[in-house]
Amino acid sequence: MALDIKCEIVENRFISGITWLLRLKAPEIAKEAKPASFVMIRGVEDYQYDPLLRRAFAIADIDGDDILIFYDVYGKGTKAITEKKAGETISVLGALGNNFFPEDYDHYVLVGGGIGFAGLSLLMKDLKQKGKSFTAIYGVRRKEQLSMLDWIKENGFENDVIIYTEDGSYGKKGLVTEDLEKIATKHHNTMLAVCGPHGMMKAVANLAKEIDIPCYVSLESRMACGFGICIGCVVKDTEKDSYVRVCYEGPVFDASKIEL
Ligand SMILES: Cc1cc2nc3c(=O)[nH]c(=O)nc-3n(C[C@H](O)[C@H](O)[C@H](O)COP(=O)(O)OP(=O)(O)OC[C@H]3O[C@@H](n4cnc5c(N)ncnc54)[C@H](O)[C@@H]3O)c2cc1C
Ligand code: FES
């Protein structure tokens, strides 16, 4: 059940590029969250109306009672969050999302583009804890956008993640799709889990179709309410020939069944 609560901010700091890390004391949300769960956050007081709407963020990690969020700063909603200090409280709605990554595969290939990697990091941790086999791919344009690199190192995932930068400034040079066919076809009963910019998700889903491997996308459509009432986040379900809400029927979908 999603809760609308005030959470204490444990930490809120700039990391690199345009990314910040927000650590919140949120035991109720931490208990409910699953890989791909997200929260909606409003960085201003209840009596303030600008920005009016909450912003959606993936729960990137759970550490005891705390949840971690890595957020890129673009506009009013995220700028307001940067102004909040440790010790203050912030308005959080979550954990949200009703459809998560399937669990019955033997090998998982996780493909995260930019801050989209934060939409897969909890899955990576979950797979590791369950002793499941996986390969993670993290792609960005340039080194300074690798805002989850320290998290990867601190959590002992260095050998599990293949990093690509488009300009070759860190890891392998190229796009996340560079060696994807080879990686995805190496093991039997593999599925792809993808989160990131729309074009990247589409490219990965197209490749998955060509090589006949199931591909699940965690979508990050713009959201207003986050819990199914505004119909602002829909995508076309091509199988049912109708529309589904990313926040409510998602955020994870079988890429072959929706219009990307
Ligand atoms: C389920 C879900 C999970 C998400 N998880 C994360 C996450 O973990 N970390 C994270 O950083 N973001 C995440 N997002 C995206 C995040 O919600 C948006 O980036 C955020 O709402 C932007 O708010 P803002 O106030 O910065 O920008 P706004 O004030 O809403 O917009 C300002 C300007 O920035 C542009 N803009 C807004 N968002 C983006 C974007 N994502 N990319 C490029 N341009 C943009 C707008 O078009 C506009 O021109 C997620 C979204 C969803 C739906
Ligand atoms: S954001 Fe309102 S229905 Fe999805």
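The structure presented is a predicted model; accordingly, all values stated were derived computationally and were not measured. (Residues numbered from 1 in each chain as written. Chains lettered and ligands numbered in written order. Predicted model: local features only at pLDDT ≥ 70, side-chain atom pairs only at ≥ 80, totals over all residues.)

A. Quick peek at the site of ligand 1. Surveying the vicinity of ligand 1 reveals 21 residues, the closest of which are Ala 56, Tyr 74, Gly 75, Gly 77 and Thr 78. Elements that contribute at least two residues to the shell around ligand 1 include exactly strand S4 (55-58), strand S6 (66-72) and helix H2 (76-82). Class assignment for the residues of the shell around ligand 1 results in twelve nonpolar, five polar and four charged. Mapping the shell around ligand 1 onto the domain boundaries places at least three of its residues in each of domain 1 (3-96) and domain 2 (107-220). (Near = placed C-beta within 6 Å. Helix = DSSP H or I, 4+ residues; strand = E, 2+ residues; numbered from the N terminus. Nonpolar A, V, L, I, M, F, W, Y, C, P; charged D, E, K, R; others polar. Domains from an automatic or database assignment.)

B. Molecular detail of the sheet that holds strand S1 (residues 3-16). Strand order in the open sheet made by the seven strands is S4-S3-S7-S1-S2-S6-S5, with antiparallel pairing throughout. Two strands bound the open sheet, and with one partner strand each, they are S4 and strand S5 (61-63). On average, adjacent strands in this sheet sit at an angle of 40° to one another, irrespective of strand direction. Relative to strand S7 (residues 89-96), S1 is paired through six bridges, and the arrangement is antiparallel. Looking across to S7, one finds that Glu 8 is bridged to Thr 89. (Pairing = 2+ DSSP bridges. Axes fitted to C-alpha atoms, helices over the stretch in contact; angles between N-to-C directions.)

C. Expanded view of unusual backbone geometry. Geometrically, the link from Asp 50 to Pro 51 is a cis peptide bond, its omega value of 0° lying close to zero. Along the chain, the position of Pro 51 falls in the loop between strand S3 (38-42) and S4. The omega torsion across Gly 94 and Ala 95 is -5°, close enough to zero to call that bond cis. One can find Ala 95 in strand S7.

D. Representation of helix H6 (residues 198-210) within the structure. Spanning 13 residues, H6 covers 18 Å between terminal C-alpha atoms, matching the ideal 18 Å at 1.5 Å per step. Burial in H6 covers these residues: Met 200, Met 201, Ala 203, Val 204, Ala 205 and Ala 208. Residues of H6 that are buried sit in contact with strand S8 (107-113), helix H5 (180-184), strand S12 (190-195) and strand S13 (215-218). Positioned one or two residues after H6, Asp 212 has a phi angle of 60°, which is positive. (Expected span 1.5 Å × (residues − 1). Buried ≥ 20, exposed ≤ 12 C-beta atoms within 10 Å, placed from the backbone. Contact = placed C-beta atoms within 7 Å.)

E. Seen up close, the sheet that holds S8. Pairing is mixed in the open sheet, where seven strands are placed in the order S11-S10-S9-S8-S12-S13-S16. A strand with exactly one partner marks an edge of an open sheet, and here the two such strands are strand S11 (172-173) and strand S16 (252-254). In terms of strand pairing, strand S10 (residues 161-165) meets S11 through two bridges, oriented parallel. Among the inter-strand pairings, Thr 165 is bridged to a residue of S11, identified as Lys 173.

F. Expanded view of the environment of Pro 251. Within the secondary structure layout, Pro 251 lies in the loop between strand S15 (242-245) and S16. Judged by local crowding, Pro 251 falls into the buried class, with 27 C-beta atoms found within 10 Å. Put simply, Pro 251 and Met 124 are 127 residues apart on the chain and 17 Å apart in space, counted from C-alpha to C-alpha. Every residue in contact with Pro 251, bar those within four places of it in the chain, is listed here: Ala 36, Phe 38, Gly 97, Asn 99, Ser 218, Leu 219 and Val 246.

G. Spotlight on the pairing of S1. When S1 meets strand S2 (residues 19-25), the two strands line up antiparallel, connected through seven bridges. Residue pairing across strands places Ile 9 opposite Leu 24, the latter belonging to S2. Between the antiparallel neighbours S1 and S2 lie two residues, among them Gly 17 with a positive phi of about 60°.

H. Here's a closer look at the domain arrangement of the protein. Each domain of the protein was delimited in the assignment, giving domain 1 (3-96) and domain 2 (107-220). Distance from the C-alpha centre of domain 1 to the C-alpha centre of domain 2: 24 Å. Listed by partner, the interface residues are 13 residues for domain 1 and 13 residues for domain 2. Sorting the residues of the side of domain 1 that touches domain 2 by element identifies S1, S5 and S6 as the ones contributing at least two each. Split into classes, the residues belonging to the side of domain 1 that touches domain 2 amount to eight nonpolar, three polar and two charged.

I. Structural detail: helix H3 (residues 121-129). If you check which residues of H3 are buried, you get Ser 121, Leu 122, Leu 123, Met 124 and Leu 127. Of the surrounding secondary structure, the elements contacted by the buried residues of H3 are S5, S8, strand S9 (133-140), helix H4 (149-154) and S12. Positive backbone phi, at 70°, marks Gly 131, one or two positions downstream of H3.

J. Quick look at the environment of Gly 77. The residue Gly 77 is located in helix H2 in this model. Looking at Gly 77, the number of C-beta atoms within 10 Å reads 21, which means it is buried. Taking C-alpha positions, Gly 77 is 6.4 Å from Arg 55, a pair spaced 22 residues apart along the chain. Ignoring sequence-local partners within four residues, the contact set of Gly 77 consists of Gly 43, Pro 51, Leu 53 and Arg 55.

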